[in-house]
Amino acid sequence: MTLKRNRAFAVVGAASVLALAACSSPGGGGGDAQDVPGVTEDKIVIGTHQPLTGPAAAGFSSISAATSAYFDYINDNGGINGREIEFIVKDDGYNPANTQTVVRDLVLQEEVFAILGGLGTPTHSAVIDFLNENEVPDLFVSGGSPMWDQPEKYPWTFGYNSEYIAEAAILAHYAQTEMPDGTYCMFGQDDDFGDDFEKGALEILGADGLAASERYSVANQDVTAQISALKAANCDVVFLASINGFTALAVGTAAQLGFFPQWMATSAGGDYGTLEKDYLQENAPLLLENFISTFYLSLETNQDDPWIEHFQMVQDEYNGGGEIGGNDIFGMNMAYMFAEALAAAGDNPTRESIVEAIESGAVKGSGLVPLGYSPEDHTGNTGVQLSQVKSGVQAYFGAPYVYENGEVTEYTGGQVPFENGIPGSN
Amino acid sequence: MSSRTTLIVGLVGLVAVIGLTFVLDPYRNYQLATIAAYLCVVAGLTMLTGVNGQLSLGHAALAACGAYCYAFTANGLAEQEVTGPVLLILPILAAVAGAAVLGLIVGLAAARLHGPYLAGVTLALVLALPAITSRFSDVFNGDQGLYISVERRPEFLAGRGGTEMFQAWVAIACAALVVILLRNLMKGNFGRQMRAVRDNEVAAAIAGVNVARTKVIAFTVSSAAAGAGGAVLAFMTQSASPGAFSLVFSLFLLMAAVIGGIGTLYGALWGSILLVVLPDAIGSLTKSLSLSPEVAQRLDGNLAVGLFGAIMVLVVIVAPLGIQGLLRKGRLKMQSRGTPQSVPVPK
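All of the points below concern the structure found in this document. (Residues numbered from 1 in each chain as written. Chains lettered and ligands numbered in written order. Predicted model: local features only at pLDDT ≥ 70, side-chain atom pairs only at ≥ 80, totals over all residues. Heavy atoms only, no water.)

### Topic: the pattern of salt bridges
Residue and element names in this part refer to chain A.
Moving on, step 1. This model, assessed by the stated rule, comprises 11 salt bridges over all chains.
Moving on, step 2. Between lysine 90 and glutamate 110 there is a salt bridge, and its shortest N-O distance comes to 3.7 Å. Residue lysine 90 is found in strand 2 (residues 84-91), and its partner glutamate 110 is found in the loop between helix 3 (96-109) and strand 3 (114-116); the two are separated by 20 residues along the sequence.
Moving on, step 3. Salt bridges sharing common partners tie together Lys90, Asp105 and Glu110. (Salt bridge = Lys/Arg side-chain N within 4 Å of Asp/Glu carboxyl O. Helix = DSSP H or I, 4+ residues; strand = E, 2+ residues; numbered from the N terminus.)

Here is the structure:
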């Protein structure tokens, strides 16, 4: 009996080992010129984690589509240094637990060269240690947390968005100038996004500068309690540190309660096109009249902007057409910046050489304000310009501002001029 | 089987699995560690539901309790600049203890409830988790969850894949301990008491078994195992967040126990392997089919859920005792071949 059982156990044990071994694909992908993960003679593989489903999907899911479209455009025109760019998009549903899994899949299984534009502050902060420990370039993170800018601690991570602290300071500075006697309040996400924004706003407005500060959880779609509290505090100005879906909820709920303050939103949740198309629809022009927001790239309403004409061309040919929106511009500019970095990283790019290229200042982007990249600074866009909605049209006004060393100053250097859609070619 | 042969088989298996970590590539080691973490939870659940007859839909919440206890302890130790084995082991013990206490409290209520009512209470537990973490977000840090300072891999494992190998070792060690302890409990006197309570509470009480006590202890032990699983997951991902312990995860754990073969530890192992390997295999399958990106995106994630559901229905109809039941039946058939009288197949 014992013998038979032992034999059975041996069979079972062997089978399980075999099963595990069988599902362990070779995956090594070795044999490359210099054995740089994700890089072959004619191709370079990169990946990203994006909210294609879940609470942040509306609006944000179009970003990676635009980035892919721009890479298609580059690939059709010969790639960068003779290499095509393959862009793997993984859905994490804006859930940090999923981000953990999909990023490990990308780095360890798909063996990507770099992660590009991982979206979300709560999601990406869950993998930043993993990426830096594995020395994977973690480029142009889509989120305004100051966490990305720690070259000492996270040498492989680079930011992209203007930091929420900077956006908050610039918005607060504007509010203070235009409405010096107003009551200022904020409505923010219940994580670092909201905390960072509050920090920036208070730096300008003073420690008791916010009459009320309410928070929401992404998991709860009802914000009536928070908006009622803001109404009760008689707020004239409400700063929104919210993603698009919750900007729409806040504005809509406030209208239901008969509360119409001056809204001032961050670039992460203030794109009129997204708010209109995905949420408020025909009510958008009325609800969002005078709505103030920030951004640091071209707006589709810009007149005679060569960047917009170029991105619109890519949109028509590679992304199913239709009028280009803020998220498309965001995604395409990101692809353009990666191409710039790759072109500057040399004929045989390595993970080290692309980081050096970015730190050397080779990446310019298409922004209204300069990028912060240097060996000591991994900040992305260093400031924003304010826009306002009038009769359903969101357009820039005033000048772009940058925020440095606790001070808001006007930036007069002008936007990066458009030369060529494909960096490194003539 | 004598306990000595079990010991030998177990040891050989353990050595084989640890040997495996040296040949697998890092992502497979990460998956192996995930299997081990799931095994802790599913093993506890299969004992509770299969052996003692208490249905829990909330084991994800108990695992989450373990993960958060792990996070608080590990971060506290790291603040005191404690490193080494203490930072590795103490948080796991705290996680087990914390989950056991929560399990004891729930178990005291559970002992008074039957079937769907108990399922309801445990369901409430897992549904309340995100609400609790966002209500007390200064403690739990809301949806973002807690970042955890964990003990890093030892120096000699530096380099590519070292971290994943270390994670796999810790996870396998925890799973081995949990399985050994649960096995002893299930094989012994307490195991008979649990079965007696499951089969007929009145008969068990008449036979002198303290029904309430048995149920409470079973729930507490099962929770402790779930806590160990949660601790391993927290250790691997360096984070504890409510999103990692959702209702869907909770139901998947129960499905794993049922598909693997409810009430047996081998079943828990098969179920845990399936839980990790199946979505991955489906992912590679859809990728190799070269579908249009739109279709592939729609299938991504959803197909695995659908397939799990289909397997679940199939298992209930064709093999109510799960994978382990099928394997056993097959083995008994092989043994009885050649002998004239058929061996009775246990139900």
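### Considerations on the environment of Asn302(A)
Moving on, step 1. Tracing the sequence through the fold places Asn302(A) in the loop between strand 10 (292-295) and helix 12 (306-318).
Moving on, step 2. Taking the C-alpha atoms as reference points, Asn302(A) and Asn98(A), 204 residues apart in sequence, are found 38 Å from one another.

### What to know about the state of the cysteines
The bond known as a disulfide is covalent and runs between the sulfur atoms of two cysteines.
Moving on, step 1. Using the criterion set out here, one finds 1 disulfide over all chains in the structure.
Moving on, step 2. Each sulfur in the disulfide pair Cys185(A) and Cys235(A) lies 2.0 Å from the other. Judged by the sign of its S-S torsion, about -90°, the bond between Cys185(A) and Cys235(A) is left-handed. With a gap of 50 residues between them, Cys185(A) in strand 6 (residues 184-189) and Cys235(A) in the loop between helix 8 (224-232) and strand 8 (237-241) connect regions that are remote in the sequence.
Moving on, step 3. Residue class for Cys185(A) comes out buried when judged on its relative accessible area of 0%.
Moving on, step 4. The thiol of Cys65(B) is unpaired, and the distance to the nearest cysteine sulfur, on Cys69(B), comes to 4.2 Å. (Disulfide = S-S within 2.5 Å. Buried < 20%, exposed > 50% of the residue type's maximum accessible area, 1.4 Å probe, protein only.)

### Some words on the sheet that holds strand 5 (residues 157-159) of chain A
In a beta sheet, neighbouring strands are held together by backbone hydrogen bonds and run either parallel or antiparallel to one another.
Residues and elements named next belong to chain A.
Moving on, step 1. Read across the sheet, 5 strands follow the order 2-1-3-4-5 without closing on themselves; strand pairing throughout is parallel. Only two strands of the sheet have a single neighbouring strand rather than two, namely strand 2 and strand 5. Sheet twist, expressed as the average angle between the axes of neighbouring strands with direction ignored, equals 25°.
Moving on, step 2. Strand direction decides the pairing type here: strand 4 (residues 138-141) and strand 5, joined by 2 bridges, are parallel. In the strand pairing of strand 5, valine 141 is matched with glycine 159.
Moving on, step 3. Against the sheet, helix 2 (residues 57-76) contacts strand 1 (43-50), strand 2 and strand 3, and its axis sits at roughly 165° relative to strand 2. (Pairing = 2+ DSSP bridges. Axes fitted to C-alpha atoms, helices over the stretch in contact; angles between N-to-C directions. Contact = heavy atoms within 4.5 Å.)

### Focus on the packing of aromatic side chains
Moving on, step 1. Taken as a whole and judged by the stated rule, the model has 31 aromatic pairs over all chains.
Moving on, step 2. Seen from their ring centres, Phe187(A) and Tyr216(A) are 5.0 Å apart, and the 25° between their planes marks the pair as stacked. With a gap of 29 residues between them, Phe187(A) in strand 6 and Tyr216(A) in strand 7 (residues 212-216) connect regions that are remote in the sequence. We note that Phe187(A), like Tyr216(A), is buried.
Moving on, step 3. Ring centres of Tyr216(A) and Phe246(A) lie 4.2 Å apart, and the angle between their planes is 15°; this geometry places the pair in the stacked category. Of this pair, Tyr216(A) sits in strand 7 while Phe246(A) sits in helix 9 (residues 244-256), placing them 30 residues apart in sequence. Assigned by exposure class, Tyr216(A) and Phe246(A) land together as buried.
Moving on, step 4. Following the ring pairs from residue to residue traces out a cluster consisting of Tyr70(A), Tyr73(A), Trp307(A), Phe311(A), Tyr318(A), Tyr336(A) and Phe418(A).
Moving on, step 5. Cation over ring: Arg135(B) sits above Phe136(B), and NZ or CZ is 5.3 Å from the ring centre. (Phe/Tyr/Trp six-rings, centres within 6.5 Å; stacked < 30°, edge-to-face > 60°. Lys NZ or Arg CZ within 6 Å of the ring centre and 35° of its normal.)

### Let's talk about the nonpolar core
Moving on, step 1. Counting 113 residues, the largest nonpolar core has Phe140(A), Phe239(A) and Phe338(A) as its most contacted members.
Moving on, step 2. Looking at this core element by element, the count peaks at 11 residues for helix 13 (residues 326-344) of chain A.
Moving on, step 3. Formed jointly, this core draws a minimum of three residues from each of two domains, domain 1 (2-162 + 308-381) and domain 2 (164-295 + 386-410) of chain A.
Moving on, step 4. Residues contacting Phe239(A), with those up to four places away along its chain left out, are Leu171(A), Ala172(A), Ala175(A), Tyr184(A), Cys185(A), Met186(A), Phe187(A), Phe197(A), Leu205(A), Leu210(A) and Met264(A).
Moving on, step 5. Judged by nonpolar contacts, the second largest core, of 104 residues, contains Val107(A), Tyr70(B), Cys174(B) and Leu278(B). (Core = buried A, V, L, I, M, F, W, Y, C linked by side-chain atoms within 4.5 Å. Domains from an automatic or database assignment.)

### Describing the environment of Ile35(B)
Residue and element names in this part refer to chain B.
Moving on, step 1. Structurally, isoleucine 35 can be placed in helix 2 (residues 26-51).
Moving on, step 2. Assessed through its relative accessible area of 6%, isoleucine 35 is described here as buried.
Moving on, step 3. In this structure, the C-alpha to C-alpha distance between isoleucine 35 and valine 277, residues 242 residues apart in sequence, is 8.8 Å.

### Comments concerning a nonpolar patch on the surface
Residue and element names in this part refer to chain B.
Moving on, step 1. A surface patch of nonpolar side chains, amounting to about 340 Å² of accessible area, comprises Phe72, Ile132, Phe136 and Val139.
Moving on, step 2. Within the secondary structure, phenylalanine 72 is located in helix 3 (residues 59-79).
Moving on, step 3. When its relative accessible area of 38% is taken as the criterion, phenylalanine 72 is described as partly exposed. (Patch = residues over 30% accessible without salt bridge, like charges linked within 9 Å, V, L, I, M, F, W, Y side chains within 5 Å. Areas by Shrake-Rupley, 256 points an atom, 1.4 Å probe, with all protein chains shown as cover.)

### Regarding helix 2 of chain B
Owing to its 3.6 residues per turn, the α-helix aligns residues three or four sequence positions apart on the same side.
All names here are of chain B.
Moving on, step 1. End to end, helix 2 covers 36 Å across 26 residues, agreeing with the expected 38 Å (1.5 Å per residue, within 8%).
Moving on, step 2. For helix 2, the buried fraction is high: 26 of the 26 residues fall into the buried class.
Moving on, step 3. The first or second residue beyond helix 2 is glycine 53, which carries a positive phi of 80°. (Expected span 1.5 Å × (residues − 1).)

### Here's the deal with the side chain of Thr122(B)
Moving on, step 1. Position of Thr122(B) relative to the elements: it lies in helix 5 (residues 115-135).
Moving on, step 2. Beyond its immediate sequence surroundings of up to four residues, Thr122(B) is in contact with Leu55(B), Ser56(B), Leu57(B), Gly58(B) and Phe219(B).

### Side note on the pairing of strand 7 of chain A
Residue and element names in this part refer to chain A.
Moving on, step 1. Inspection of the sheet shows strand 6 paired to strand 7 by 5 bridges, in the parallel sense. In the sheet register, cysteine 185 faces strand 7, and the bridge partner there is alanine 212.
Moving on, step 2. Handedness of the β-α-β unit built from strand 6, helix 7 (residues 192-205) and strand 7 comes out right-handed. (Right-handed = clockwise from strand over helix to strand, strands pointing away.)

### Some details on the packing of helix 3 of chain B against helix 5 of chain B
Residues and elements named next belong to chain B.
Moving on, step 1. At a minimum axis separation of 8 Å, helix 3 and helix 5 run at an interaxial angle of 35°. Across from Ala60, Ala61, Leu62, Ala64 and Tyr68 in helix 3, the residues of helix 5 making contact are Leu125, Val126, Leu129 and Thr133.
Moving on, step 2. Looking at the contact of helix 3 with helix 5 residue by residue, the class counts come to 8 nonpolar, 1 polar and no charged. (Nonpolar A, V, L, I, M, F, W, Y, C, P; charged D, E, K, R; others polar.)

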